[in-house]
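A structural walkthrough
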Amino acid sequence: MEDLTIQHVNLEKSENLERHRTDGFSSSKALVVRRGTPFRSRLSSGHLYVIMPVTFSKKVSSSHWKASMDPEGLNLQNPSIFISSPASASVGCYRFQLSVFTQDSQKTAFGKFILLCNPWCSEDTVYIPFEDQREEYVQNDSGLLFMGTAMNLVARPWSFDQYEPCVLETCLNLLQVSPHHQKNRRIDYLNRNNPVYISRVVSAMINSEDDRGVLKGNWSGDFKQGINPAKWTGSGDILRQWAQSGYSPVKYGQCWVFAAVMCTVMRVLGIPCRVVTNFNSAHDTNANLVIEEYYSETGQKLNHSKDSIWNFHVWVECWMTRRDLGLGMDGWQVLDPTPQERSGGVFCCGPAPVKAIKDRRIDMFYDIPFVYAEVNADVHTIVVSKGGVLSYSKDTERVGSLICTKAVGFSIHQNITGDYKYIKTSSSKGVLVFLNLDKAPVAGEAIRFTVKVINKHSIAKMIKVHMNAQAKEYNHSPSDTFWETQGVIQLAPKEAKVIQQQILPAQYEDVVGDDLINLAVVLEDTASQDRVLASEEFNITSPQLIIQIADEDSIVPNKEHTAKVIFTNPFSHPVSGVLTVAGAGLIQGKIHFRMLQLRPGGRVQQNITFVPSMVGTKMLQANLSLTNSTIRGFKMVSVNRA
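Residues numbered from 1 in each chain as written. Predicted model: local features only at pLDDT ≥ 70, side-chain atom pairs only at ≥ 80, totals over all residues. Heavy atoms only, no water.

Description of the overall build of the protein
The condition is simple: Helix numbering and strand numbering both begin at the N terminus, where a helix is a DSSP run of H or I of at least 4 residues and a strand a DSSP run of E of at least 2. Residues are treated as being in contact if the distance between any of their heavy atoms lies within 4.5 Å. Under the counting rule used here, the positive set is Lys and Arg, the negative set is Asp and Glu, and His together with the chain ends is not counted. Each charge is placed at NZ for Lys, CZ for Arg, CG for Asp and CD for Glu.
On a plain count of helices and strands, the protein comes out with 12 helices and 37 strands. Dimensions along the principal axes, computed over C-alpha positions, put the protein at roughly 110 × 60 × 40 Å. Here the contacts in the protein between residues at least 6 apart in sequence split such that 67% fall between residues at least 24 apart. Across the protein, 65 positive and 62 negative side-chain charges occur, with their mean positions spaced 1 Å apart.

As structure tokens, then:
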């Protein structure tokens, strides 16, 4: 009898990708599978009659690697071998060797595969028990990032791009480039079985403060040496640029860019991940859980404190079991790749269990005191004049006023504030002032707001009213005042009065752009000189680009389809700019169009074509870059099987 000859190993790529829910990675040269689930390989041999030992048990071991042969329809010319990894195997690239022994010789063939975490496997520490959540937090390659303010959310479309060319390989190379791997490769490989370890490595590697990380942060407003963070629309361009540059940091990122890129990496690695926005996020530099804000007597916000409140801050949550912390801390964990404070000597943050943040379990790992302050710090507001304090107030509700993420399966936000904190209450007395916007401000319209003043005293009051508006970036102190007014009102005992005000488009359009507005009102009691302040920080809602698709119920892969992008100029002045259209799985790269000057109220339409490359729900997004702002729009596209 002649010896068996192995001609090659067939990794049955199509079958295995479908079984492991890694179909999106079909463009990868390597087979991509998930731990804890067997995959099939088939040997092609040159002779029919051979004798070989066979193990028929296909039961997966939770702790050991295992190979077994398929006993059903055993074909000795093309035998199937199932390779099973434990649910605790390390994530990364693997090489395997198949050897066939005969009495006189040994024949060997080699294969390669990529192993990811498996949220479908109940024994995996990233197992999440609901299919709709696995689809949203692992498989979905687009989403929404929430910005603006709590009262006027801006949903910014983002393409996570995990199935785009080179993204999978770049995410795996990120682990190889990390200092942990460079320091001790063996220990790093062993630790990659643990999502707690992986997530800390990725959190540090997204920023470039300590290593050859992906992104360089820049909050200066000067982006001449790179890309304005507001211009990025997806993770793919950033990760590809990082890899092509030899792993030099990409310029530039801010919090939502850091978080969105980390979300891509974690989803690629198989760890459920979502992007979370915390509105009025505190950065407590001295760890006293107090943020101090200073105002002048006319309502101008002053830059007198190292502490700060960002109008919003964006991080990610990853789902995992925390065996290192004991019972009750499994589930969503906060991870923040934006470089703010060091953790273990490195600029990273988390994983911090959301449950531990809510209960202020500062004895647990990692970085719970810092995240707790971001959502729970008290705000002390101080009105000053010539170095003296005129008034002082305390607000226990403003920080962490809304914490939200994209809802599962829908293009809306989900309020998760109650997961992070208990609701506080407060009471007031004396002369009170309330500042409320009549509605969410819209570009091209007047900003209308109401000031309500209540005299809780039993005597009449003469009150000076100062109002002030300043432009500001989401994470900076405001710039100079661009609008102000003042007056005097008389209040009878226990009386309340309402003042209506507005700021016209011509007064704010050239100043604000994509920035926010800090609006403040200071009341001055002319008899006692006491002051009381109310403030509101808000954004102007930009107009939306409208995207229309012909025959949107009959979109199939590999067929050309047509869409229209429509823009109407709401501004009081002419505009011109560049329109960019993109869509992972719909368009290769980006398409650019120049828009000539469009008069106020004018309407323009741009036709585009796209050819879907895969089945599923995809995001088509458009961005119109104007002189000092960007107009955005998106449409979800359902690509059906032909």
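What about the UniProt feature "active site" (unreviewed entry) in the protein?
Condition: UniProt positions are given in the numbering used here, feature names are shortened, and annotations may be inferred rather than shown by experiment. Throughout, exposure labels follow a simple rule: accessible area from a 1.4 Å probe, protein chains only, divided by the maximum for the residue type, with under 20% read as buried, over 50% as exposed, and the rest as partly exposed. Pairing of N or O atoms within 3.5 Å defines a polar contact, subject to two protein rules: one partner must be a possible hydrogen donor and the other a possible acceptor, and residues neighboring in sequence count only if both atoms are side-chain atoms.
In the numbering used here, UniProt assigns the feature "active site" (unreviewed entry) to Cys255, His313 and Asp336. Their sequence span is 82 residues, while the largest C-alpha to C-alpha distance among them is just 9.7 Å; these annotated residues converge on one region. For Cys255, the location among the structural elements is in helix H8 (residues 255-268). On the basis of relative accessibility, which here comes to 0%, the residue Cys255 falls in the buried class. Residues within four places of Cys255 in sequence aside, it is in contact with Trp219, Trp310, Phe312, His313, Val314, Thr338 and Tyr474. His313 has contacts with Cys255, Val276, Thr277, Asn278, Ser281, Asp336, Thr338, Gln340 and Glu374, leaving out every residue within four places of it along the chain. A polar atom in the side chain of His313 sits 2.6 Å from the side chain of Asp336.

Re the environment of Gly589
By the element assignment, Gly589 lies in the loop between strand E33 (575-582) and strand E34 (590-598). Judged by its relative accessible area of 52%, Gly589 falls in the exposed class. Residues Gly589 and Arg212, spaced 377 residues apart in sequence, show a C-alpha to C-alpha distance of 26 Å.

Notes on the sheet that holds E33
Formally: Two strands pair if DSSP finds at least two bridges between them. Axes, fitted as lines to C-alpha atoms, cover a helix only where it is in contact. Angles between the N-to-C directions of the axes lie from 0 to 180 degrees.
In space, the four strands of this open sheet follow the order E34-E33-E36-E37, with antiparallel pairing throughout. Here the strands that pair on one side only, and so sit at the sheet edges, are E34 and strand E37 (630-639). Between one strand axis and the next, the sheet turns by 20° as a mean value, whatever way the strands run.

A short note on the packing of helix H3 (residues 167-177) against H8
The following threshold applies: When an angle is under 35 degrees it counts as roughly parallel; over 145 it counts as roughly antiparallel; between 65 and 115 it counts as roughly perpendicular; any other value is oblique. Amino acids are sorted into nonpolar (Ala, Val, Leu, Ile, Met, Phe, Trp, Tyr, Cys and Pro), charged (Asp, Glu, Lys and Arg) and polar (every other residue, Gly among them).
Across the interface, H3 lies against H8 with an axial gap of 10 Å and an inter-helix angle of 95°. Viewed along their axes, H3 and H8 adopt a mutual orientation that is roughly perpendicular. Residues Val167, Leu168, Cys171 and Leu174 of H3 touch H8, and the partners they reach there are Thr264, Val265 and Val268. Classifying every residue of the contact of H3 with H8 gives six nonpolar, one polar and no charged.

Side note on the UniProt feature "domain: Transglutaminase-like" (unreviewed entry) in the protein
Residues annotated in UniProt with the feature "domain: Transglutaminase-like" (unreviewed entry) correspond here to residues 247-339. With 15% helix and 45% strand, the stretch residues 247-339 has end C-alpha atoms that lie 18 Å from each other.

Notes on the nonpolar core
Note the cut-off: To define a nonpolar core, start from buried Ala, Val, Leu, Ile, Met, Phe, Trp, Tyr and Cys residues and group those joined through side-chain atoms within 4.5 Å.
In this structure, Val202, Ile206 and Trp256 are the most contacted members of the largest nonpolar core, which totals 84 residues. Those residues in contact with Trp256 that sit more than four places away from it in its chain are Leu145, Met147, Arg156, Trp158, Pro229, Ala230, Phe312, Val314 and Tyr474. Judged by nonpolar contacts, the second largest core, of 53 residues, contains Leu437, Ala443, Phe449 and Ile517.

Looking at the sheet that holds strand E24 (residues 431-437)
With antiparallel pairing, the three strands of this open sheet are ordered in space as E24-E25-E28. One side of each edge strand has no neighbouring strand; the edge strands of this open sheet are E24 and strand E28 (496-503). Strand after strand, the sheet turns through a mean of 20° between neighbouring axes, direction not considered. Here strand E25 (residues 447-455) pairs with E28 via eight bridges, running antiparallel. What sits directly across from Thr450, in E28, is Gln500.

Section: the environment of Gln176
As for its position among the elements, Gln176 is in helix H3. The exposure class of Gln176 is partly exposed, given its relative accessible area of 25%. Sequence separation between Gln176 and Arg21 is 155 residues; the distance between their C-alpha atoms is 25 Å. If we ignore the near neighbours within four places in the chain, the residues touching Gln176 are His181, Gln182, Tyr189 and Arg192. For Gln176, the side chain forms a polar contact with the side chain of Tyr189, separated by 3.2 Å.

Some words on the packing of aromatic side chains
Where we set the bar: For Phe, Tyr and Trp, rings pair up if their centres lie within 6.5 Å, where Trp contributes its six-membered ring, and each pair is then called stacked (planes under 30 degrees apart), edge-to-face (over 60) or tilted (otherwise). Any Lys NZ or Arg CZ that is within 6 Å of a ring centre and within 35 degrees of that ring's normal is treated as a charge sitting over the ring.
A full pass over the atoms with the stated rule returns 20 aromatic pairs. Ring geometry for Trp219 against Phe258: centres 6.2 Å apart, planes inclined by 20°, an arrangement best described as stacked. Taken together, the residues span a long stretch of sequence, with Trp219 in the loop between strand E10 (215-217) and helix H7 (235-244) and Phe258 in helix H8 at a distance of 39 residues. Looking at Phe258, the relative accessible area reads 0%, which means it is buried. Every member of this aromatic cluster is reached through a ring pair, and the members are Trp219, Trp256, Phe258, Trp310, Phe312 and Tyr474. The ring of Tyr366 carries the charged tip of Arg200 above its face, separated from the ring centre by 4.1 Å.

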